[in-house]
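Survey of secondary and tertiary structure
One letter stands for each residue in the lines below.
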Amino acid sequence: MPKVLVSDSIDQVGIDILSQVAQVDVKTNLPPEELTKIIPEYDALMIRSGTRVTAEVIEAGTQLKIIGRAGVGVDNVDVPAATRRGILVVNSPEGNTVAAAEHAVAMMLSLSRYVPDANQSVKAGKWDRKSFTGVEVYKKTLGIVGLGKIGSHVSSIGRAMGMRLLAFDPYLSTERAEQMGCQLVELDFLLRESDYITLHMPKTPETYHLINAEALDKMKPTARIVNCARGGIIDEAALFDALKQGKIAGAALDVYEQEPLQEDSALRSLGKELILTPHLGASTEEAQVNVAIDVAEQIRDVLLGLPARSAVNIPGLRPDVMEKLRPYLQLAETLGNLVSQLAGGRIEEFNIRLQGDLATNESQPIVIAALKGLLSHALQERVNYVNASIEAKERGIHVVETRDATVKDYTGSLLLTATGPLGTHSVTGALLGDNEIRITSIDEFPINVPPNRYMLFTLHRDMPGIIGKIGSLLGSFNVNIASMQVGRKIIRGDAVMVLSLDDPLPEGILNEITKEPGIRDAYTITLPE
Ligand SMILES: NC(=O)c1ccc[n+]([C@@H]2O[C@H](COP(=O)([O-])OP(=O)(O)OC[C@H]3O[C@@H](n4cnc5c(N)ncnc54)[C@H](O)[C@@H]3O)[C@@H](O)[C@H]2O)c1
Ligand SMILES: O=C(O)CC[C@@H](O)C(=O)O
C-alpha cells in the first residue's frame, strides 16, 4: 500500500479520502531535519502553509510522486525542484476564495468599528463607548488591488455595502473590471482616492513591497489598508512608521513577511489602529473541507495512476504522451510568458500558431501550455493546465488557434502573437536536437537564442555604435551581459537586439536606454527560474 504523509493539520474528510488507497500518517509540526529524514518512506505529501518543502526535502523524497497543497499558494514548495524530479505539485485554486474574501471584509469592518479592541475592553470589565466611535463604509471608496477570484468576490460584497469601487490590476481589461462594477485605475490614483484599500494579488518580484513608505505617503490620513494576500506585499517597517505617525488611520494584516510573526515584532506594540490575525484567511470549516477534498482526491487519483485535475507544474497526461510532449510544453509556456511581457501584460488578443510537426490535433496540451505561460506572470501558481483556458476566457482574452503543417524551418515550431497595452508582439520558438529551447524570432526578426531568466530586447535602427552604447550603459549600472545577438531583415534597416543578463535590470535604466538615439523601443523580461 502506498504511504501518504500529512504534515499540516487538514480536515478529516481529506484523511478519509486518502485512507481509501493509502496508509496515512499525520505528523504535524515536524522540524525540517525530521521531515527530510522520514520523507524517503512516502509516496505522497499533503501540506498546508506550515510545511516548507525545500529542494533538500524533495531530493530526499526518492519515492515521492505528488505533493498536495491544501490551499492556493505553493510558495512554501520548491516547485522547480519538484518539476525537475517529475513530482506533481497540486493545489486547490478556488477552495478558499470565499473564506479569504470574507476575512478581508471582516478586517475592513473590524477596523472601521474597532471591534477587537472594544471586545477586549468590555471583557476587561470596562464600559467605554467614547474610545470606540467608528466610521461607516457606506458611500466610501474601496480600492481593490488585484481583481482576481478573491478581489472579485470582495468587490461584490463592497458593492452590496454601497461602496464606490476602484481597482488596480495590470493584467485585467477595463471591460472585465467594469463587469464587476469597478473602475480600473492606476495604482497612484487608487492610493490617493481610496478610503479602504484591500490587497488581493500574488507575491511576485513586482508586488514585493509594492506598499512601501512612498505608497503609504500617497494615502489619505483617514485611509485603512487590509492585507489578506501575502506577507511582503506591504513593507512592515514602513507600515509601522505610517501608523505610528498617523499618516494613515488603520491597517489589518493576516499575512506577514515572516510567519509566524516574530514575538518581538514592533507591530505587536501598536494600538487599535492595527488588527493582526494569524493567517486565518482560509480558516473556515467550509474552506478547509473544500481544499481537503480537492487535494486529497487528486493525491488518491495519482496514486491510482489517474491524472490530477489541478497540477501546478505538470499536466495530467498519460506518462507516454507526457514524455513526448514535455519539452514542447516547456517551450510553449516560456514563449507564452515572454510574449505576454512584451505586449504589456493586459492581453486582449492571443494567437497561437502550431507549425510543422506540431500542427496536429494531439498538440492541444501545447496550446494550453502557451495560455498557462501567457497568464502565469499575472496569476503565478493559480493558473494551471486545467483552468488556463477558463481563466483566459474570464479575462476577456480573445484566443485564436491556427495550425500550419507547411512551415518546415524546424521539425515543429510555435508562433505566438499577443496584443496588449504595448502593442502587438510575436515570438517564435522551436526545440533543437537535444530538446533545448530556442527563441527563433521576435516580432518577425530572425534570432536564435536560448531563453534566460533576465532578458532585454530592443527595437532599434541598425547603425554603427549602437550595440556598444547599450553595452556601456548596462555596464555603468553594473549589469553583466551573458550574451547578445542582433536580428535584422535588411542591413541598416530596423533590427532587434536580444541581451541575456546575469542580473535583473535596475529601475529607471529602461528609460535611459530608450533615450539613446536610434533606439525605438526596449523591453525587459523576467522568466521563471
Ligand atoms: N490569507 C489567506 O489565507 C489567503 C487565502 C487564499 C488566498 N490568499 C492569497 O490571496 C491572493 C489572491 O488570490 P486569488 O485566488 O484571488 O488569486 P487570482 O490569481 O485569482 O487573482 C490575483 C489577481 O492579481 C492580479 N495581479 C497580478 N499581479 C498584480 C500586480 N502587480 N498588481 C495588481 N494586481 C496584480 C492578477 O491579474 C489577478 O487578477 C494571493 O496572494 C493568494 O495567495 C490568501
Ligand atoms: O491556511 C492555509 O493553509 C493558507 C491559506 C492560503 O494562504 C492559501 O494560499 O491557500
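Reference entry: report on the structure contained in this document. Given the structure is predicted, the values throughout are model-derived calculations rather than measurements.

What counts as what
- Residues numbered from 1 in each chain as written.
- Chains lettered and ligands numbered in written order.
- Predicted model: local features only at pLDDT ≥ 70, side-chain atom pairs only at ≥ 80, totals over all residues.
- Heavy atoms only, no water.
- Helix = DSSP H or I, 4+ residues; strand = E, 2+ residues; numbered from the N terminus.
- Rg over C-alpha atoms; globule rule 2.2 N^0.38 Å.
- Areas by Shrake-Rupley, 256 points an atom, 1.4 Å probe, with all protein chains shown as cover.
- Lys, Arg positive; Asp, Glu negative; His and termini not counted.
- Charge placed at Lys NZ, Arg CZ, Asp CG, Glu CD.
- Patch = residues over 30% accessible without salt bridge, like charges linked within 9 Å, V, L, I, M, F, W, Y side chains within 5 Å.
- Salt bridge = Lys/Arg side-chain N within 4 Å of Asp/Glu carboxyl O.
- Pairing = 2+ DSSP bridges.
- Contact = heavy atoms within 4.5 Å.
- Axes fitted to C-alpha atoms, helices over the stretch in contact; angles between N-to-C directions.
- Buried < 20%, exposed > 50% of the residue type's maximum accessible area, 1.4 Å probe, protein only.
- Right-handed = clockwise from strand over helix to strand, strands pointing away.
- Near = heavy atom within 4 Å.
- Polar contact = N/O pair within 3.5 Å; in protein donor to acceptor, adjacent residues only side chain to side chain.
- Parallel < 35°, antiparallel > 145°, perpendicular 65-115°, else oblique.
- Left-handed = near helix turned anticlockwise from the far one by under 90°.
- Nonpolar A, V, L, I, M, F, W, Y, C, P; charged D, E, K, R; others polar.

So, about the overall build of the chain. A count of helices and strands for the chain gives 17 helices and 22 strands. A compact globule built from 529 residues should have a C-alpha radius of gyration of about 24 Å, and the chain, at 25 Å, falls within 12% of that. With respect to the three principal axes, the spread of C-alpha positions in the chain is 85 × 65 × 40 Å. Here the chain displays about 23,600 Å² of accessible surface, and carbon together with sulfur accounts for 50% of that area. Of the side-chain charges in the chain, 52 are positive and 67 negative, and the distance between the mean point of each set is 3 Å.

Moving on: a negative patch on the surface. On the surface, a cluster of negative charge is made up of Glu 175, Glu 178, Glu 348 and Glu 349. One can find Glu 178 in helix α8 (residues 174-179).

Spatial strand order, β8-β7-β6-β9-β10-β11-β12: seven strands in an open sheet with parallel pairing. Where the open sheet ends on each side, the last strands, each with one partner, are β8 (183-184) and β12 (274-276). Packing of helix α5 (residues 97-113) onto the sheet brings it into contact with β6 (141-145), β9 (196-199), β10 (224-227), β11 (250-253) and β12, and relative to β10 it is tilted by some 150°.

Attention shifts here to the pairing of strand β7 (residues 164-168). When you tally the buried positions in β7, you get four out of five residues, the bulk of the element. Note on the crossover from β6 through helix α7 (residues 149-160) to β7: the handedness is right-handed. Note that β7 and β8 share two bridges and pair parallel. Each bridged residue has a counterpart across the sheet, and for Leu 166 the counterpart in β8 is Gln 183. With respect to chirality, the unit in which β7 leads through α8 into the neighbouring parallel β8 is right-handed.

Taken together, 30 residues are adjacent to ligand 1, and Ile 150, Asp 169, Met 201, Arg 382 and Arg 395 come closest. Note that an oxygen atom of ligand 1 is positioned 2.9 Å from one of the backbone N or O atoms of Lys 149. A total of 860 Å² of accessible area belongs to ligand 1 in isolation, and the protein chains cover 98% of it. Elements represented by at least two residues in the shell around ligand 1 include exactly α7 and α14 (364-379).

This part covers the packing of helix α1 (residues 12-19) against helix α12 (residues 285-303). One way to put it is that α1 packs onto α12 with a least axis distance of 8 Å and a crossing angle of 15°. Looking at the two axes, α1 sits roughly parallel to α12. Once α1 is placed against α12, the crossing between them reads as right-handed. Contacts between α1 and α12 involve Val 13, Gly 14, Ile 17 and Leu 18 from the first element and Val 289, Ala 292, Ile 293, Ala 296, Glu 297, Ile 299 and Arg 300 from the second. Here the contact of α1 with α12 is built from residues that sort into eight nonpolar, one polar and two charged.

Side chains Ile 66 and Gly 68 project from strand β4 (residues 66-69) onto one buried face, and the interleaved Ile 67 and Arg 69 project onto a second face that is buried too. Across four bridges, the pairing between strand β3 (residues 44-47) and β4 is parallel. Following the sheet pairing, Ala 44 is matched in β4 by Ile 66. For the segment spanning β3, helix α3 (residues 55-60) and β4, crossover handedness is right-handed.

Now for the site of ligand 2. Near ligand 2 the following residues occur: Arg 48, Ser 49, Arg 69, Gly 71, Val 72, Gly 73, Asn 96, Arg 230, His 279 and Ala 282. Within the backbone of Val 72, an N or O atom sits 2.6 Å from an oxygen atom of ligand 2. Take Gly 73: an N or O atom from its main chain is 2.8 Å from an oxygen atom of ligand 2. About the coverage of ligand 2: the protein hides 94% of its 290 Å² of free accessible area. Classifying every residue of the shell around ligand 2 by side-chain character gives two nonpolar, five polar and three charged.

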